[in-house]
Amino acid sequence: MTVGRFAPSPSGRMHLGNVFAALLAWCSVRNVGGTLLLRLEDLDPDRCKPVYGDQIKRDLEWLGLDWDREAQPQSQRGEVYRSYLDRLEALGLLYPCYCTRDQLLAPSAPHRSDGRRIYPGTCRDLTPAQRAAMTKAPALRLRVPDRTYTVHDGLQGDYSENLEADCGDFIVCRADGVCAYQLAVVVDDGLSGVTQVVRGRDLLDSTPRQQYLQELLGFPIPETCHVPLLITPEGRRISKRERDLDLGVLQSRMSPEILIGALAHTAGLLDRPRPITPRELAADFSWSRVRREDQIAPFLT
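Let me begin by describing the structure that accompanies this report. Only a predicted model underlies this, so the values are computations on that prediction, with no experimental measurement involved. (Residues numbered from 1 in each chain as written. Predicted model: local features only at pLDDT ≥ 70, side-chain atom pairs only at ≥ 80, totals over all residues. Heavy atoms only, no water.)

### As for the packing of aromatic side chains
Per the stated rule, a full pass over the model turns up three aromatic pairs. Ring centres 5.6 Å apart and planes at 40° place the aromatic pair Tyr84 and Phe219 in the tilted group. In this pair, Tyr84 is assigned in helix α3 (residues 78-90) and Phe219 in the loop between α8 (207-217) and β10 (223-227), connecting sequence segments 135 residues apart. Of the two residues, Tyr84 and Phe219, neither departs from the other in class, the shared state being buried. (Phe/Tyr/Trp six-rings, centres within 6.5 Å; stacked < 30°, edge-to-face > 60°. Helix = DSSP H or I, 4+ residues; strand = E, 2+ residues; numbered from the N terminus. Buried < 20%, exposed > 50% of the residue type's maximum accessible area, 1.4 Å probe, protein only.)

Here it is, written out as structure tokens:
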């Protein structure tokens with residue numbers, strides 16, 4: 001059975017891009033009679049609030065996007081993540097990193113052509129004496145191999161990345177002791193039996209790191225579909241800063257069926273915008289009809 005998930009961050013009101021990804025994840029699972037999991041990814045205690053999580057659930061219900069199971073929020077799973085950090089530690093793959101944000105973002109720091117930073121291994125081989133002299137709390141990084149991982153994405157096609165050359169050792173536990181996203185999502189998907197991951201195209205390049213973790217921890221690799229981002233006419237990705245595209249404003253202007261129809265047309269699932277329910281859309285859903293490229297968000301033109 002297909003087990004999918006919708007995993008929003010409760011750091012504010014959902015916007016149109018969040019709904020777009022949730023709709024496609026929901027339709028993909030419902031079309032095949034699978035199970036859908038709702039998980040609140042609230043690892044950031046400064047930005048994520050319970051009130052936002054409650055609002056997300058109400059917004060999903062208004063849209064007609066139901067779920068079958070609700071996972072324990074990530075903020076309550078510290079002991080679970082720690083047990084998997086211990087496994088990585090036992091493999092000799094973790095080391096403390098004392099680099100500051102300024103060091104990591106320095107102009108001289110290595111980066112890819114797309115601007116993404118590559119960790120150069122600054123703290124990888126510090127001696128015990130050098131580590132003892134450090135005064136700040138360290139993050140924990142995972143050593144990566146000189147190996148290329150290829151993602152066979154159901155929408156974007158094949159994507160390959162050499163972890164050593166294109167990424168570098170990455171953080172699995174922050175300096176404040178909070179588990180980092182890459183490890184948390186792998187553990188949660190693995191323990192929940194998730195078989196299909198649908199999320200924004202901006203997360204495609206994190207998938208090789210997650211495959212590496214899944215391999216190390218013995219979790220199966222789920223299939224993925226990375227959906228296009230919704231952008232402004234100027235080409236900027238929409239975010240929670242676009243207040244006119246959050247669910248609070250949109251609910252006051254239109255019915256959920258009109259909103260779903262506009263997003264379905266943007267995705268390529270309808271030939272024109274028209275009111276439709278998620279159930280009606282899921283009945284004829286196919287990934288072969290979903291557009292791969294980023295799309296201008298409806299209601300902006």
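### Comments concerning empty space enclosed by the protein
Under the definition given, this model contains two cavities of 30 Å³ or more. What the largest cavity holds in volume is close to 90 Å³. Along the wall of the largest cavity there are 13 residues; nearest its centre are Thr207, Gln210, Gln214, Pro222 and Thr224. Of all the secondary structure elements, the ones that give two or more residues to the lining of the largest cavity are α7 (181-192), β9 (196-200) and α8. Each pocket or cavity is described by its volume, and for the second largest cavity that value is around 60 Å³. Together, Phe6, Ala22, Trp26, Leu36, Leu37, Leu38, Leu60, Leu65, Asp66 and Trp67 line the second largest cavity. The biggest single contributor to the lining of the second largest cavity is strand β2 (residues 35-38), with three residues. (1 Å grid on protein atoms, 1.4 Å probe; cavity = no way out; pocket = protein on both sides within 12 Å on 5 of 7 lines; lining within 4 Å. Points joined across faces, edges and corners; volume = space filled by probe spheres on them.)

### Things to note about the nonpolar core
Core analysis: the largest hydrophobic core is formed by 43 residues, its most contacted members being Leu16, Leu24, Leu281 and Trp287. Within the residue set of this core, elements represented by two or more residues are α1 (16-31), β2, α2 (50-63), β10, α9 (247-253), α10 (256-267) and α11 (278-283). The element contributing the most residues to this core is α1, with eleven residues. Beyond its immediate stretch of four places on either side in the chain, Leu24 contacts Val198, Val227, Ala267, Leu269, Phe285, Trp287 and Val290. Counting residues in hydrophobic clusters, the runner-up holds 26 residues, among them Leu43, Cys167, Phe170 and Val185. (Core = buried A, V, L, I, M, F, W, Y, C linked by side-chain atoms within 4.5 Å. Contact = heavy atoms within 4.5 Å.)

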